[in-house]
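Structure at a glance
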Amino acid sequence: QRGCDVRATPETLREKVDRLDGANAPELTKKVQRLAVTGSPAGSAGSGTTDLNQRPVMLFMKGNKEGAKCGFSRQTLEILNNTGVDYDTFDILQDEEVRQGLKTYSNWPTYPQLYVKGELIGGLDIIKELMESGDLVSTLMGEERDQDATAHAQIS
């Protein structure tokens, strides 16, 4: 029986996730996590890479601040814009590897995905819950979050 030949992986993916021998799922997950947080498989921003965690509050969405490309992203932008908290966006439609890698990293299959200080907060439903409970601004500022909201985000 023949094993998986990782060398068949597209060159751009190998460059982004560093070298990975065999089908080691835990190691691949670690490399995607480092890529998602720092933009570099080594754990710190390397030359020629984009730091995906440019700001303490980062929204991975379809589109960008100037123009959402789906209704969920549009609603999320409206909510975040009303908080007055500074945030940045990353258009996941521009980079399929980031789009798929973040799904694996976060174990969250849909977009938008909101991160504060590198930690997944959740999607639009969680953002709406935080807004309705009055906890959204403090969460965006990186203050301690309600344990129920954290547990809900991890379960969903």
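Model, not experiment: these values are computed from the prediction. (Residues numbered from 1 in each chain as written. Predicted model: local features only at pLDDT ≥ 70, side-chain atom pairs only at ≥ 80, totals over all residues. Heavy atoms only, no water.)

**Structural notes on the environment of Asp86**
Relative to the elements of secondary structure, Asp86 occurs in the loop between helix H3 (71–81) and strand E4 (88–91). Given a relative accessible area of 46%, Asp86 falls into the partly exposed group. Sequence-wise, Asp86 and Leu140 are 54 residues apart; in three dimensions their C-alpha atoms are separated by 8.9 Å. Aside from chain neighbours lying at most four places away, what touches Asp86 is Arg55, Val57 and Lys65. (Helix = DSSP H or I, 4+ residues; strand = E, 2+ residues; numbered from the N terminus. Buried < 20%, exposed > 50% of the residue type's maximum accessible area, 1.4 Å probe, protein only. Contact = heavy atoms within 4.5 Å.)

**Things to note about the pattern of salt bridges**
For side chains of opposite charge, pairing can occur when their charged atoms come near one another. This structure, assessed with the given rule, holds 2 salt bridges. Measuring nitrogen to oxygen at the nearest pair gives 3.6 Å for the salt bridge that ties Lys69 to Asp91. Note that Lys69 is positioned in the loop between strand E3 (67–68) and H3 and Asp91 in strand E4, a separation of 22 residues in sequence. For Asp91, a relative accessible area of 10% gives the class buried. Between Glu96 and Arg99 there is a salt bridge, with its nearest N and O atoms 3.9 Å apart. (Salt bridge = Lys/Arg side-chain N within 4 Å of Asp/Glu carboxyl O.)

**Considerations on the nonpolar core**
Nonpolar side chains in soluble globular proteins tend to end up buried together. One finds Val57, Phe60, Leu102, Leu114 and Leu140 to be the most contacted residues of the largest nonpolar core, which totals 29 residues. For this core, the elements supplying multiple residues, two or more each, are strand E1 (57–61), H3, helix H4 (96–106), strand E5 (113–116), strand E6 (119–122), helix H5 (124–133) and helix H6 (136–140). (Core = buried A, V, L, I, M, F, W, Y, C linked by side-chain atoms within 4.5 Å.)

**Observations concerning the packing of aromatic side chains**
Scanning the entire structure with this criterion turns up 3 aromatic pairs. On the numbers, 6.2 Å between centres and 15° between planes, the contact of Tyr105 with Tyr115 is stacked. Of the two residues, Tyr105 is situated in helix H4 and Tyr115 in strand E5; the sequence distance between them amounts to 10 residues. Taken together, the ring pairs connect Phe60, Phe90, Tyr105 and Tyr115 into an aromatic cluster. Between the NZ or CZ atom of Lys65 and the centre of the ring of Tyr87, over which it lies, the distance is 4.3 Å. (Phe/Tyr/Trp six-rings, centres within 6.5 Å; stacked < 30°, edge-to-face > 60°. Lys NZ or Arg CZ within 6 Å of the ring centre and 35° of its normal.)

**Brief notes about the environment of Tyr111**
For Tyr111, the location among the structural elements is in the loop between H4 and E5. For Tyr111, a relative accessible area of 8% puts it in the buried group. Measuring from C-alpha to C-alpha, the distance between Tyr111 and Lys62 comes to 7.2 Å, with 49 residues separating the pair along the chain. Discounting residues that sit within four places of it in the chain, Tyr111 has contacts with Phe60, Phe72, Ile92, Val98, Arg99, Leu102 and Lys103.

**As for the packing of H3 against H5**
Here H3 crosses H5 at 25°, and the two axes come no closer than 10 Å. With respect to each other, H3 and H5 are oriented roughly parallel. Seen along the crossing, H3 lies across H5 with a hand that is left-handed. When H3 is examined against H5, the residues Phe72, Gln75, Thr76 and Ile79 are found in contact with a partner set consisting of Leu124, Ile127, Lys128 and Met131. A class-by-class count of the residues in the contact of H3 with H5 yields 5 nonpolar, 2 polar and 1 charged. (Axes fitted to C-alpha atoms, helices over the stretch in contact; angles between N-to-C directions. Parallel < 35°, antiparallel > 145°, perpendicular 65-115°, else oblique. Left-handed = near helix turned anticlockwise from the far one by under 90°. Nonpolar A, V, L, I, M, F, W, Y, C, P; charged D, E, K, R; others polar.)

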